[in-house]
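Chain by chain, the residues:
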Amino acid sequence: MSNSSFLNEFLLLAFADTRELQLLHFSLFLGIYLAALLGNGLIITAVACDHHLHTPMYFFLLNLSLLDLGTISVIVLKSMSNSLWDTRAISYSGCVVQLFLIIFFLLAEYSLLTVMAYERVVAICKPLHYGTIMGSRACVRMAAAAWASGFLNAVLHTAKTFSIPLCQGNTVDQFFCDVPGVLKLACSDFYLRVVWAVVISVSLGFGCFVFIVLSYVQIFTAVLRIPSEQGRHKAFSMCLPHLAVVSLFVSTVIFSAMKPPSLSSPALDLVLAVLYAVVPPAVNPLIYSMRNKELKDALRKLVQ
């Protein structure tokens, strides 16, 4: 039995075996990464430079763009590098750092999406009290809490995952280091050590999910009471971008975590990982700017 202390590296799941497909994968991921870099970079710059966008909604959107850039950089750059240099290896310390950062960025983003749902509830259901409830200090505290929750969960899961002996080889069934992939290498006797950490995170995640669902029930109830059709349309348009981002993120994560064993396969796991970790950072800027006149105007000024 080999202990994790003797592992120098892990082998990640490869997208392709032939050189041509490896270069195709590199090119596709490069295009997605550049799109995410451009879209999120423009949003960060627009929100930071345009005083018209110095509002709670755009402050949280700036934080979301930062988290999206962090997520896609940690995942995609290593995968691109491996395809370009025809290797599957990642060092033991590199795997630890990558797993920590992925958990940090993804869970902080999920927490931030929960905060953004609350901001939408206040904006639509309590518009007269919006300025009081969503003051600058309160917004900073909520954003800091989202980042802190991601950090604490990342510390917890990384520490517990790599504290157990690994005796099932060094091949991770994913194209990046994740908790399920590393735990599959664990000795069965030690697997239960991380159960309580998973239970804590699942409970918090479920709590956030319930909060988001209840928030939108409250929002839709309030919107349907608006007498004018124009008012209802405006209220719905304020919520649809956030709802689309949450739906894309949550649905793929839930399906990935709860799919039946009969459907489990490395290829399906790989596709689902791309859908919840690579696609959202690239499309989120498009979703938020598509029907947002203020953001479009700010971006137009930047380009000009």
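Keep in mind that this is a model prediction, so the values were computed, not measured.

Rules used throughout
Residue positions are given per chain, counted from 1 along the sequence in the order it is written. It should be noted that, the model being predicted, local features are given only for residues of pLDDT at least 70 and side-chain atom pairs only at 80 or more, the latter also being counted only at that level, while totals for whole chains, interfaces and linings use all residues. Only hydrogens and water are set aside; all other atoms, that is, all heavy atoms of the structure, feed into the side-chain values. Runs of H or I in DSSP of at least four residues are treated as helices and runs of E of at least two as strands, each being numbered from the N terminus. Throughout, radius of gyration means the C-alpha value; the globule benchmark is 2.2 Å times the number of residues raised to the power 0.38. Shrake-Rupley sampling with a 1.4 Å probe provides the accessible areas, and residues are treated as covered by the protein chains on show and by no other component. Counting rule for charge: Lys and Arg are taken as positive, Asp and Glu as negative, and neither His nor the chain ends is counted. Lysine's charge is taken at NZ, arginine's at CZ, aspartate's at CG and glutamate's at CD. The pairing test for Phe, Tyr and Trp rings, Trp by its six-membered ring, is centres within 6.5 Å, and the orientation test on the planes gives stacked under 30 degrees, edge-to-face over 60, and tilted for anything in between. In this scheme, a residue with accessible area under 20% of its type's maximum is buried, one over 50% is exposed, and one in between is partly exposed, where area comes from a 1.4 Å probe on protein chains only. In the sections that follow, a salt bridge refers to a side-chain nitrogen of Lys or Arg positioned within 4 Å of a carboxyl oxygen of Asp or Glu. Axis definition: a line fitted to C-alpha atoms, over the contacting stretch in the case of helices. Angles run 0 to 180 degrees between N-to-C directions. Just so you know how the angles are binned, under 35 degrees is roughly parallel, over 145 roughly antiparallel, 65 to 115 roughly perpendicular, and the rest oblique. Residue contacts follow a heavy-atom distance rule, with two residues in contact if any of their heavy atoms lie within 4.5 Å. Any residue that is not Ala, Val, Leu, Ile, Met, Phe, Trp, Tyr, Cys, Pro, Asp, Glu, Lys or Arg is counted as polar, Gly included; the first ten are nonpolar and the last four charged. UniProt positions are given in the numbering used here, feature names are shortened, and annotations may be inferred rather than shown by experiment. Residues enter a patch when their relative accessible area is above 30% and they make no salt bridge; the linking distance is 9 Å between like charges and 5 Å between nonpolar side chains (Val, Leu, Ile, Met, Phe, Trp, Tyr). Residues belong to a common nonpolar core when they are buried Ala, Val, Leu, Ile, Met, Phe, Trp, Tyr or Cys residues joined through side-chain atoms within 4.5 Å. Put simply, a crossing is left-handed when the front helix is turned counterclockwise from the back one by less than a right angle, and right-handed when it is turned clockwise. Think of the arc as the fan of directions from the helix axis to the C-beta atoms.

### Focus on the overall build of the chain
When you go through the chain residue by residue, the secondary structure sums to ten helices and two strands. If you list the helices and strands of the chain from N to C, you get β-α-α-β-α-α-α-α-α-α-α-α. What you see for the chain is a C-alpha radius of gyration of 21 Å, in line with the 19 Å of a compact globule of 304 residues. Of the roughly 15,300 Å² that the chain leaves accessible, carbon and sulfur atoms contribute 69%. Taking the average place of the 19 positive charges on the side chains of the chain and the average place of its 15 negative ones, the gap between the two points comes to 12 Å.

### Quick word on the packing of aromatic side chains
One pass over the structure, following the stated rule, counts 15 aromatic pairs. On the numbers, 5.2 Å between centres and 70° between planes, the contact of phenylalanine 15 with phenylalanine 29 is edge-to-face. In this pair, phenylalanine 15 is assigned in the loop between strand E1 (9-11) and helix H1 (19-49) and phenylalanine 29 in helix H1, connecting sequence segments 14 residues apart. Given the relative accessible area of 29%, phenylalanine 15 is considered partly exposed.

### Considering the pattern of salt bridges
Following the criterion strictly, the structure yields one salt bridge and no others. Glutamate 119 is paired through a salt bridge with arginine 120; the nearest N and O atoms lie 2.6 Å apart. Neither residue differs from the other here; glutamate 119 and arginine 120 are each classed as buried.

### Some thoughts on the packing of helix H9 (residues 266-290) against helix H10 (residues 293-303)
For the pair H9 and H10, interaxial distance at closest approach is 7 Å and the crossing angle is 115°. By the criterion of interaxial angle, the relationship of H9 to H10 is roughly perpendicular. For the pair H9 and H10, contact is made by Tyr288, Ser289 and Met290 and by Leu295, Lys296 and Leu299, respectively. By residue class, the composition of the contact of H9 with H10 is four nonpolar, one polar and one charged.

### Details of the UniProt feature "transmembrane region" (unreviewed entry) in the chain
In this structure's numbering, the residues bearing the UniProt feature "transmembrane region" (unreviewed entry) are residues 21-45, 57-77, 89-108, 194-217, 238-258 and 270-290. Measuring from the first to the last C-alpha atom of residues 21-45 gives 35 Å, for a span that is 100% helix and 0% strand. The span residues 270-290 carries 100% helix and 0% strand; its end-to-end C-alpha distance comes to 29 Å.

### Some words on a nonpolar patch on the surface
Together, Phe206, Phe209, Val210, Val213, Leu214, Val217, Ile254 and Met258 make up a nonpolar patch on the protein surface, roughly 740 Å² of accessible area in all. Among the elements of the structure, helix H7 (195-224) and helix H8 (229-258) are those that each provide at least two residues to the nonpolar patch. In terms of residue count, H7 provides more of the nonpolar patch than any other element does, six residues in total. Following the sequence through the fold, phenylalanine 209 ends up in helix H7.

### With respect to the nonpolar core
Formed by 85 residues in total, the largest nonpolar core has its most connected members in Phe10, Phe60, Leu166, Phe175 and Val278. Among the elements that take part in this core, helix H3 (residues 92-125) stands out by supplying 19 residues, more than any other. Among all residues touching valine 278, those that are not within four sequence positions of it are Phe29, Ile32, Ile72, Ile75, Val76, Phe175 and Ala273.

### Considerations on the packing of H3 against H7
At a minimum axis distance of 9 Å, the contact between H3 and H7 shows a crossing angle of 20°. Classified by the angle their axes make, H3 and H7 are roughly parallel. For the pair H3 and H7, the crossing hand works out as left-handed. Of the residues in H7, those touching H3 at Tyr110, Leu113, Thr114, Ala117, Tyr118, Arg120, Val121, Ile124 and Cys125 are Gly205, Cys208, Phe209, Phe211, Ile212, Ser215, Gln218, Ile219, Ala222 and Val223. Split by residue class, the contact of H3 with H7 holds 14 nonpolar, four polar and one charged.

### Some details on H10
For an α-helix the count is 3.6 residues per turn, leaving residues at separations of three or four pointing the same way. The complete set of buried residues in H10 reads Leu295, Ala298 and Leu299. Projected down its long axis, H10 carries its buried residues within an arc of 95°, all on one side. Residues of H10 that are exposed and angled more than 90 degrees away from the buried face: Lys293 and Lys301. Against the buried residues of H10 lie H1, helix H2 (56-84) and H9.

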